[in-house]
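A structural walkthrough
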Amino acid sequence: VKKLLFARQLEMEKGRLSLLGQRMVITPAETFIYLLKTARDKEKIGKQIYYGCKLAGLRGFTKEIMIKYGLTGDKLTKWQADIAMLGGWGEFEFRDVDYINKKSVIHVRNSPIAILYGKSKISVDHAIRGFIAGAAEALFKESMNTVEVACQAKNDKHCEFVTKKTEEFNFKDNVVREQLGNSIEEIKNYESD
(Lines give C-alpha, C1' and ligand atoms only; values in the text may rest on other atoms or scores of the structure.)
Protein backbone atom coordinates (compact mmCIF):
# COMPACT_ATOMS: atom_id res chain seq x y z
CA VAL A 1 0.00 0.00 0.00
CA LYS A 2 2.84 2.38 0.86
CA LYS A 3 4.49 1.73 -2.52
CA LEU A 4 1.21 2.38 -4.33
CA LEU A 5 0.60 5.58 -2.37
CA PHE A 6 4.17 6.75 -2.99
CA ALA A 7 3.87 6.04 -6.72
CA ARG A 8 0.51 7.86 -6.72
CA GLN A 9 -1.25 4.72 -7.92
CA LEU A 10 -3.66 4.59 -4.98
CA GLU A 11 -5.78 7.72 -4.76
CA MET A 12 -8.55 8.53 -2.32
CA GLU A 13 -10.36 11.81 -2.66
CA LYS A 14 -13.94 13.09 -2.33
CA GLY A 15 -15.71 9.76 -2.54
CA ARG A 16 -13.41 8.43 -5.24
CA LEU A 17 -11.00 5.51 -4.80
CA SER A 18 -8.64 4.67 -7.66
CA LEU A 19 -6.07 1.91 -7.84
CA LEU A 20 -3.66 1.88 -10.78
CA GLY A 21 -5.99 4.23 -12.64
CA GLN A 22 -9.05 2.01 -12.15
CA ARG A 23 -12.06 3.19 -10.15
CA MET A 24 -12.61 0.95 -7.11
CA VAL A 25 -15.18 0.51 -4.37
CA ILE A 26 -14.87 -1.08 -0.98
CA THR A 27 -17.86 -3.25 -0.25
CA PRO A 28 -18.59 -5.90 2.37
CA ALA A 29 -17.84 -9.43 1.21
CA GLU A 30 -21.35 -10.35 2.34
CA THR A 31 -22.62 -8.50 -0.74
CA PHE A 32 -21.53 -11.46 -2.88
CA ILE A 33 -23.11 -13.90 -0.44
CA TYR A 34 -26.47 -12.14 -0.61
CA LEU A 35 -26.28 -11.94 -4.41
CA LEU A 36 -25.87 -15.71 -4.50
CA LYS A 37 -28.40 -16.59 -1.83
CA THR A 38 -31.19 -14.17 -2.81
CA ALA A 39 -31.07 -14.62 -6.58
CA ARG A 40 -34.32 -15.75 -8.15
CA ASP A 41 -32.50 -17.92 -10.67
CA LYS A 42 -29.97 -19.80 -8.56
CA GLU A 43 -28.64 -21.73 -11.58
CA LYS A 44 -27.74 -18.59 -13.54
CA ILE A 45 -26.45 -16.17 -10.88
CA GLY A 46 -23.07 -17.88 -10.46
CA LYS A 47 -22.48 -17.78 -14.21
CA GLN A 48 -23.60 -14.16 -14.44
CA ILE A 49 -21.23 -13.08 -11.66
CA TYR A 50 -18.42 -15.14 -13.24
CA TYR A 51 -18.80 -13.76 -16.75
CA GLY A 52 -19.26 -10.19 -15.49
CA CYS A 53 -16.03 -10.40 -13.45
CA LYS A 54 -14.23 -12.11 -16.32
CA LEU A 55 -15.11 -9.27 -18.70
CA ALA A 56 -14.19 -6.65 -16.09
CA GLY A 57 -10.77 -8.27 -15.65
CA LEU A 58 -10.21 -8.82 -19.35
CA ARG A 59 -11.32 -5.45 -20.66
CA GLY A 60 -10.55 -3.31 -17.64
CA PHE A 61 -8.12 -3.93 -14.84
CA THR A 62 -5.76 -6.53 -16.34
CA LYS A 63 -5.71 -4.87 -19.74
CA GLU A 64 -4.87 -1.50 -18.20
CA ILE A 65 -2.06 -2.93 -16.07
CA MET A 66 -0.57 -4.67 -19.09
CA ILE A 67 -0.69 -1.49 -21.18
CA LYS A 68 0.34 1.00 -18.49
CA TYR A 69 3.17 -1.05 -16.96
CA GLY A 70 4.09 -3.45 -19.75
CA LEU A 71 3.60 -6.42 -17.45
CA THR A 72 3.39 -9.95 -18.84
CA GLY A 73 4.12 -13.48 -17.66
CA ASP A 74 5.30 -13.98 -14.09
CA LYS A 75 5.42 -10.25 -13.36
CA LEU A 76 1.76 -9.85 -14.33
CA THR A 77 0.62 -12.89 -12.33
CA LYS A 78 2.55 -11.67 -9.26
CA TRP A 79 1.01 -8.20 -9.55
CA GLN A 80 -2.47 -9.66 -9.93
CA ALA A 81 -2.02 -11.91 -6.89
CA ASP A 82 -0.64 -9.02 -4.81
CA ILE A 83 -3.55 -6.76 -5.77
CA ALA A 84 -6.09 -9.53 -5.05
CA MET A 85 -4.56 -10.13 -1.62
CA LEU A 86 -4.45 -6.37 -0.93
CA GLY A 87 -8.15 -6.27 -1.83
CA GLY A 88 -8.97 -8.97 0.70
CA TRP A 89 -9.81 -11.76 -1.79
CA GLY A 90 -7.66 -14.29 0.07
CA GLU A 91 -4.12 -15.67 -0.07
CA PHE A 92 -3.18 -16.64 -3.64
CA GLU A 93 -0.65 -19.34 -4.42
CA PHE A 94 0.28 -20.16 -8.01
CA ARG A 95 0.76 -23.92 -7.97
CA ASP A 96 1.31 -24.44 -11.67
CA VAL A 97 1.46 -21.84 -14.41
CA ASP A 98 2.30 -23.18 -17.86
CA TYR A 99 2.82 -20.25 -20.23
CA ILE A 100 3.50 -22.52 -23.21
CA ASN A 101 0.36 -24.66 -22.94
CA LYS A 102 -1.67 -21.79 -21.45
CA LYS A 103 -2.85 -23.47 -18.25
CA SER A 104 -2.73 -22.70 -14.57
CA VAL A 105 -3.68 -24.05 -11.17
CA ILE A 106 -4.15 -21.51 -8.39
CA HIS A 107 -4.89 -22.20 -4.74
CA VAL A 108 -6.65 -19.54 -2.67
CA ARG A 109 -6.84 -19.78 1.08
CA ASN A 110 -9.18 -17.68 3.19
CA SER A 111 -11.48 -16.68 0.35
CA PRO A 112 -13.98 -14.36 2.01
CA ILE A 113 -16.81 -15.67 -0.18
CA ALA A 114 -16.15 -19.34 0.63
CA ILE A 115 -15.62 -18.64 4.34
CA LEU A 116 -18.70 -16.44 4.78
CA TYR A 117 -21.02 -18.45 2.53
CA GLY A 118 -21.23 -21.36 4.92
CA LYS A 119 -21.62 -25.01 3.94
CA SER A 120 -22.27 -25.65 0.28
CA LYS A 121 -22.42 -28.65 -2.02
CA ILE A 122 -21.06 -26.56 -4.90
CA SER A 123 -18.16 -24.13 -5.33
CA VAL A 124 -19.12 -20.50 -4.69
CA ASP A 125 -16.15 -18.29 -5.68
CA HIS A 126 -17.59 -17.08 -8.99
CA ALA A 127 -16.06 -13.59 -8.77
CA ILE A 128 -12.54 -14.88 -8.06
CA ARG A 129 -12.65 -17.41 -10.89
CA GLY A 130 -14.02 -14.72 -13.21
CA PHE A 131 -11.17 -12.34 -12.42
CA ILE A 132 -8.67 -15.20 -12.90
CA ALA A 133 -10.20 -16.13 -16.27
CA GLY A 134 -10.21 -12.52 -17.46
CA ALA A 135 -6.56 -12.07 -16.50
CA ALA A 136 -5.64 -15.34 -18.26
CA GLU A 137 -7.48 -14.35 -21.42
CA ALA A 138 -5.78 -10.95 -21.47
CA LEU A 139 -2.39 -12.57 -20.90
CA PHE A 140 -2.72 -15.42 -23.41
CA LYS A 141 -4.89 -13.58 -25.98
CA GLU A 142 -7.07 -16.68 -26.40
CA SER A 143 -10.46 -17.76 -25.12
CA MET A 144 -9.72 -18.95 -21.56
CA ASN A 145 -11.98 -20.08 -18.74
CA THR A 146 -11.65 -21.12 -15.12
CA VAL A 147 -13.37 -23.80 -13.05
CA GLU A 148 -13.23 -24.05 -9.26
CA VAL A 149 -12.53 -27.71 -8.47
CA ALA A 150 -12.13 -27.35 -4.69
CA CYS A 151 -13.79 -24.83 -2.38
CA GLN A 152 -13.54 -24.06 1.31
CA ALA A 153 -17.36 -23.75 1.35
CA LYS A 154 -17.43 -27.47 0.45
CA ASN A 155 -15.09 -28.12 3.39
CA ASP A 156 -11.97 -28.39 1.22
CA LYS A 157 -8.77 -27.04 2.83
CA HIS A 158 -8.41 -24.38 0.11
CA CYS A 159 -10.11 -23.22 -3.06
CA GLU A 160 -8.52 -24.50 -6.26
CA PHE A 161 -8.97 -22.88 -9.65
CA VAL A 162 -8.03 -24.57 -12.94
CA THR A 163 -7.66 -22.31 -15.96
CA LYS A 164 -7.16 -23.44 -19.53
CA LYS A 165 -8.26 -22.80 -23.10
CA THR A 166 -12.03 -22.95 -23.41
CA GLU A 167 -12.00 -25.77 -25.97
CA GLU A 168 -9.95 -27.97 -23.61
CA PHE A 169 -12.80 -28.23 -21.07
CA ASN A 170 -14.93 -31.38 -21.06
CA PHE A 171 -18.50 -30.13 -21.39
CA LYS A 172 -19.82 -33.54 -20.33
CA ASP A 173 -18.37 -32.91 -16.86
CA ASN A 174 -21.10 -31.71 -14.46
CA VAL A 175 -18.81 -29.18 -12.72
CA VAL A 176 -17.85 -27.61 -16.06
CA ARG A 177 -21.49 -27.43 -17.14
CA GLU A 178 -22.56 -26.00 -13.78
CA GLN A 179 -19.85 -23.31 -13.72
CA LEU A 180 -19.31 -22.43 -17.41
CA GLY A 181 -22.32 -23.68 -19.35
CA ASN A 182 -23.26 -26.59 -21.54
CA SER A 183 -21.16 -25.67 -24.57
CA ILE A 184 -18.75 -23.19 -26.13
CA GLU A 185 -21.77 -21.58 -27.81
CA GLU A 186 -23.40 -20.95 -24.42
CA ILE A 187 -20.17 -19.38 -23.18
CA LYS A 188 -20.14 -17.06 -26.19
CA ASN A 189 -23.71 -15.99 -25.37
CA TYR A 190 -22.71 -15.09 -21.81
CA GLU A 191 -19.63 -13.21 -22.96
CA SER A 192 -21.38 -11.10 -25.58
CA ASP A 193 -22.49 -7.72 -24.37
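Report on the accompanying structure. Keep in mind that what you see is a predicted model, and the values were worked out from it rather than measured.

Positive phi outside glycine occurs at Lys-102, with the angle close to 55°. Residue position: Lys-102 is located in the loop between strand S4 (91-98) and strand S5 (103-109). For Lys-102, a relative accessible area of 18% gives the class buried. Backbone geometry at Lys-141 places phi at a positive 55°, although glycine is not the residue there. Among the structural elements, Lys-141 can be located in the loop between helix H6 (126-140) and strand S6 (144-150).

This paragraph deals with H6. Each α-helix winds once per 3.6 residues, and so residues spaced three or four apart point in a common direction. In this model, H6 (15 residues) spans 21 Å end to end at C-alpha, consistent with the 21 Å of a helix rising 1.5 Å per residue. Burial analysis of H6 places 14 of its 15 residues in the buried class, the great majority of the element. Lys-141 sits one or two residues past H6 and shows a positive phi near 55°.

So, on to empty space enclosed by the protein. Applying the stated criterion across every chain, the model contains 1 cavity of 30 Å³ or more. The computed volume of the largest cavity comes to approximately 30 Å³. If you go around the largest cavity, the residues you meet are Phe-32, Leu-36, Ile-49, Ile-113, Val-124, His-126 and Ala-127. Where the lining of the largest cavity is concerned, the elements lending two or more residues are helix H2 (30-38) and H6. Looking at side-chain class alone, the lining of the largest cavity contains 6 nonpolar, 1 polar and no charged residues.

Looking now at the layout of surface pockets. The space that makes up the largest pocket amounts to roughly 1200 Å³. In this structure, the largest pocket is lined by 44 residues; those nearest its centre are Met-24, Ile-83, Ala-84, Trp-89 and Phe-131. Residues that form the lining of the largest pocket fall into these classes: 32 nonpolar, 11 polar and 1 charged.

Next up on the list: the pattern of salt bridges. Scanning all chains against the criterion turns up 8 salt bridges. Measuring nitrogen to oxygen at the nearest pair gives 2.3 Å for the salt bridge that ties Glu-191 to Lys-54. One end of the pair, Glu-191, is in helix H8 (residues 184-191); the other, Lys-54, is in helix H3 (residues 42-69), with 137 residues separating them in the sequence. Here Arg-95 ties to Glu-93 by a salt bridge, and the two come within 2.9 Å at their closest N and O atoms. Taking relative accessible area as the criterion, Arg-95 reaches 48% and is therefore assigned partly exposed. Using a relative accessible area of 31% as the deciding quantity, one classes Glu-93 as partly exposed. Sharing partners across several salt bridges, the network here consists of Lys-54, Glu-137 and Glu-191.

The rules we used
- Residues numbered from 1 in each chain as written.
- Predicted model: local features only at pLDDT ≥ 70, side-chain atom pairs only at ≥ 80, totals over all residues.
- Heavy atoms only, no water.
- Helix = DSSP H or I, 4+ residues; strand = E, 2+ residues; numbered from the N terminus.
- Buried < 20%, exposed > 50% of the residue type's maximum accessible area, 1.4 Å probe, protein only.
- Expected span 1.5 Å × (residues − 1).
- 1 Å grid on protein atoms, 1.4 Å probe; cavity = no way out; pocket = protein on both sides within 12 Å on 5 of 7 lines; lining within 4 Å.
- Points joined across faces, edges and corners; volume = space filled by probe spheres on them.
- Nonpolar A, V, L, I, M, F, W, Y, C, P; charged D, E, K, R; others polar.
- Salt bridge = Lys/Arg side-chain N within 4 Å of Asp/Glu carboxyl O.

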